[in-house]
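# Structural features, examined
Each chain is listed here by its residues.
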Amino acid sequence: MAEITAAMVKELREQTGAGMTDCKKALGEANGNMEEAVEILRKNGQAKAVKKENRIAAEGICSIACKGDEAAAVVEVNSETDFVAKNETFQQFVKAVAEQAVNSTAADMDAFMEEKWIEDSSKTIKEALVDKIAVIGEKLSIRRFQRIQAAEGCVATYVHGGGRIGVIVEAKTNVVNDAVKEALKNLAMQVAALSPKYIATGDVSEEYKAHEKEIISAQIAQDPKMAGKPENVIKGAVEGRLNKELKEVCLLEQVYVKAEDGKQTVAQYIKQVANENNAELSICQFVRYETGEGLEKKQEDFAAEVAAQMGM
């Protein structure tokens, strides 16, 4: 049996919003496996809201560079401390890395790191990174990049929180004017705020649907109100909850965050903008980076307090 630490309980609680006792019990059942513990809490209906950013803790910033309205690249560069992330020398370096990425032809990170550095062709990006580490005196890492080239339209970008989140949206459109570009910037802000996983319900994988159905079915099985209900009623309830969830994770189905009536969906907003500008307008893809997403950082603060409350 794996040791269940206060830091693990804290992390699970932050991810799910469940009570400390429930988190400790779930971790015990999962033998310390965080992902399995989340699943247990979800099936038991104890997870209030699993955070999409799951275990975000690393420092650093995201930066975006553009080439007109046709191409953009987003990069994430990590540092050990928030102090360095706010340092102007570090921020200028990340900005240069983004410029490198928007002009890059590299297909992966290994190839990217071997390219000639945009600010000094006598060095590779990897060598430039080593030099910057020596100057700043802290471990730095160019973690990832993605470049989007618009095939039949344009791109829009948005950076939130001084580089905490970077978003690129690519649209197919036959009209590229200020109104269309403003609308796409609004959609980039939507992606930053609500973190959709897909563009439309038709893009959702069957694997994702099957997994969520399993979770929802387990929740319904423990709902006293559903006890003894016919199979077709239970099946309908599962489908209903799944459809509701899909509206939250699919961009076009989400309620547009700036909708005056609080009801207009993103799809309806796009149609409105298209009609107003006599344009054909659709979303091709989006990319959303959040600094430290999926990375783990030492859990030190609050752990002692949790331990004291739980008698650990």
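Our subject is the structure listed above.
The following paragraphs examine the structure supplied in this document. Note that this is a predicted model, so its numbers are computed, not measured.

### Details of the sheet that holds strand β1 (residues 59-67)
Within a sheet, each strand pairs with its neighbour through backbone hydrogen bonds, oriented either parallel or antiparallel. Sheet architecture is open: three strands sit in the order β1-β2-β5, paired in antiparallel fashion. Because the sheet does not close on itself, it has two edges, and the strands there are β1 and β5 (140-149). Averaged over all neighbouring strand pairs, the angle between strand axes comes to 15°, with direction disregarded. With nine bridges joining them, strand β2 (residues 71-79) and β5 adopt antiparallel strand pairing. When the sheet's bridge partners are listed, E76 is paired in β5 with R144. Its contacts with the sheet put helix α5 (residues 88-102) on β1, β2 and β5, and the angle it makes with β2 is roughly 140°.

### Some details on the state of the cysteines
Per the counting criterion, the structure on display carries zero disulfides. Looking at the unpaired C66, the closest cysteine sulfur is the one in C154, lying at 11 Å. With relative accessibility at 38%, the residue C66 sits in the partly exposed group.

### Observations regarding helix α7 (residues 125-136)
Across its 12 residues, α7 extends 16 Å between first and last C-alpha, which sits within 8% of the 16 Å expected from 1.5 Å per residue. Along α7, the positions that sit buried rather than exposed are I125, A128, L129 and I136. Projection of α7 onto a plane perpendicular to its axis shows the buried side chains occupying an angular sector of 100°, all on one side. Those residues of α7 that are buried are in contact with α4 (82-85), α5, α6 (109-113), β3 (116-117), β4 (120-124) and β5. Downstream of α7 by one or two residues, G137 has phi in the positive range, about 80°.

### So, the side chain of S79
Note that S79 resides in strand β2. Within the local environment of S79, its side chain forms a polar contact with the backbone oxygen of T81, the two atoms lying 3.0 Å apart. With sequence-adjacent residues up to four places away left out, S79 is seen in contact with E59, G60, V84, A85, F90, E138, K139 and L140.

### Some words on the sheet that holds strand β6 (residues 153-160)
Pairing is antiparallel in the open sheet, where three strands are placed in the order β6-β7-β8. In the strand order of this sheet, the two ends are held by β6 and β8 (281-290), each with one partner. Along the sheet, successive strands turn relative to each other by an average axial angle of 15°, direction set aside. Relative to strand β7 (residues 165-173), β6 runs antiparallel, the two being bridged by eight bridges. Looking at the pairing, V159 lines up with G166 of β7.

### Regarding the pattern of salt bridges
In the structure shown here, the tally under the stated rule is 17 salt bridges. We note a salt bridge from E14 to K10, for which the minimum N-O separation is 2.7 Å. Placement of both E14 and K10 in helix α1 (residues 6-16) is noted, with a separation of four residues, approximately one turn of the helix. Residue classification places K10 among the buried positions, given a relative accessible area of 5%. With a shortest N-O distance of 2.8 Å, K213 and E239 are connected by a salt bridge. Residue K213 is located in helix α9 (residues 206-221), and its partner E239 is located in helix α10 (residues 231-249); the two are separated by 26 residues in the primary sequence. Within this structure, E76, R143, R144 and E293 form a network of salt bridges that share partners.

### Comments concerning the nonpolar core
Residues V167, V169, L184, L187, L281 and I283 are the most contacted members of the largest nonpolar core, which totals 29 residues. Elements represented by at least two residues in this core include exactly β6, β7, α8 (178-194), α11 (266-276) and β8. The element best represented in this core is α8, accounting for seven residues. If near-sequence neighbours (up to four positions away) are discounted, L281 is found in contact with A171, K172, T173, V180, L184, I270, V273 and A274.

The rules behind these values
Residues numbered from 1 in each chain as written. Predicted model: local features only at pLDDT ≥ 70, side-chain atom pairs only at ≥ 80, totals over all residues. Heavy atoms only, no water. Pairing = 2+ DSSP bridges. Helix = DSSP H or I, 4+ residues; strand = E, 2+ residues; numbered from the N terminus. Axes fitted to C-alpha atoms, helices over the stretch in contact; angles between N-to-C directions. Contact = heavy atoms within 4.5 Å. Disulfide = S-S within 2.5 Å. Buried < 20%, exposed > 50% of the residue type's maximum accessible area, 1.4 Å probe, protein only. Expected span 1.5 Å × (residues − 1). Arc of directions from axis to C-beta. Polar contact = N/O pair within 3.5 Å; in protein donor to acceptor, adjacent residues only side chain to side chain. Salt bridge = Lys/Arg side-chain N within 4 Å of Asp/Glu carboxyl O. Core = buried A, V, L, I, M, F, W, Y, C linked by side-chain atoms within 4.5 Å.

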